Amino acid sequence: AKRQELELQDKIHMVRIEQISPFPYDLVLRELRRYPNAEVMWLQEEPKNMGAYSYVMPRIETCMRALGATVVGALPYVGRKSSAVPATGFACLHKEEEANVIAEALRL
């Protein structure tokens, strides 16, 4: 909704990976081919240490290399910082974190 509100639907594309194990290399490769000049990053709502980032990062990088992309450093991450708990416990802080994740995901 925010992407459409900012009229970024032609500039920012988000692809959801529903099942990560076994990793869908063929489907990820297909999406990467659709957007050959895209800046690829991982977006998740969970804290960095609780979501799928550490699992998918090397696999997405493998897909990128298979298409001839140069991978420098780790796959960029957008989401909540690492935390000992999955939620802050405060609705106002949760909304602030969520707004920050969305803002970072929609930056150009």
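Note: the structure precedes this text.
1. Regarding the nonpolar core
Buried together is how nonpolar side chains tend to be arranged in soluble globular proteins. Counting residues in each nonpolar core, the largest one holds 14 residues, and the members touching the most others are Phe23, Trp42, Val56, Ile60, Cys63, Met64 and Leu75. Only α2 (25-34) and α3 (53-66) provide two or more residues apiece to this core. No other element matches the 5 residues that α3 contributes to this core. Not counting residues within four places of it along the chain, the set of residues in contact with Leu75 comprises Val40, Met41, Trp42, Tyr53, Met57, Ile60, Glu61 and Met64.

2. Details of unusual backbone geometry
Each neighbour pair has its own omega, and for Ser21 with Pro22 the value is -5 degrees, a cis peptide bond. Relative to the helices and strands, Pro22 resides in the loop between α1 (2-5) and α2. Backbone geometry places Glu7, a non-glycine residue, at a positive phi of 55 degrees. Tracing the backbone shows Glu7 in the loop between α1 and α2.

3. Observations regarding the packing of aromatic side chains
Counted by the stated rule, this structure contains 2 aromatic pairs. Between Phe23 and Tyr25, the aromatic rings sit 4.9 Å apart at their centres with planes inclined by 70 degrees, giving edge-to-face as the arrangement. The aromatic ring of Tyr55 is capped on one face by Arg59, whose charged end is 3.8 Å from the ring centroid.

4. Concerning the side chain of Arg80
Within the element layout of this structure, Arg80 appears in strand β2 (residues 77-80). The residues touching Arg80, leaving out its near neighbours within four places in the chain, are Gln44, Glu45, Glu46, Pro47, Lys48, His94, Glu97, Glu98 and Val101.

5. Thoughts on the pattern of salt bridges
Between side chains of opposite charge, a pair can form when the charged atoms approach closely. Taken as a whole, this structure holds 7 salt bridges when the rule is applied. A salt bridge links Glu31 to Arg30, with the nearest nitrogen and oxygen atoms 3.4 Å apart. Classification of Glu31 by relative accessible area gives buried; the value is 14%. The class for Arg30 is partly exposed, based on a relative accessible area of 46%. A salt bridge links Glu31 to Arg34; the nearest nitrogen and oxygen atoms lie 3.0 Å apart. One end of the pair is Glu31 and the other is Arg34, both in helix α2 and 3 residues apart, which spans about a single turn. Residue class for Arg34 comes out exposed when judged on its relative accessible area of 53%. One continuous salt-bridge network, built from bridges that share partners, spans Arg30, Glu31 and Arg34.

About the thresholds
- Residues numbered from 1 in each chain as written.
- Predicted model: local features only at pLDDT ≥ 70, side-chain atom pairs only at ≥ 80, totals over all residues.
- Heavy atoms only, no water.
- Core = buried A, V, L, I, M, F, W, Y, C linked by side-chain atoms within 4.5 Å.
- Buried < 20%, exposed > 50% of the residue type's maximum accessible area, 1.4 Å probe, protein only.
- Helix = DSSP H or I, 4+ residues; strand = E, 2+ residues; numbered from the N terminus.
- Contact = heavy atoms within 4.5 Å.
- Phe/Tyr/Trp six-rings, centres within 6.5 Å; stacked < 30°, edge-to-face > 60°.
- Lys NZ or Arg CZ within 6 Å of the ring centre and 35° of its normal.
- Salt bridge = Lys/Arg side-chain N within 4 Å of Asp/Glu carboxyl O.

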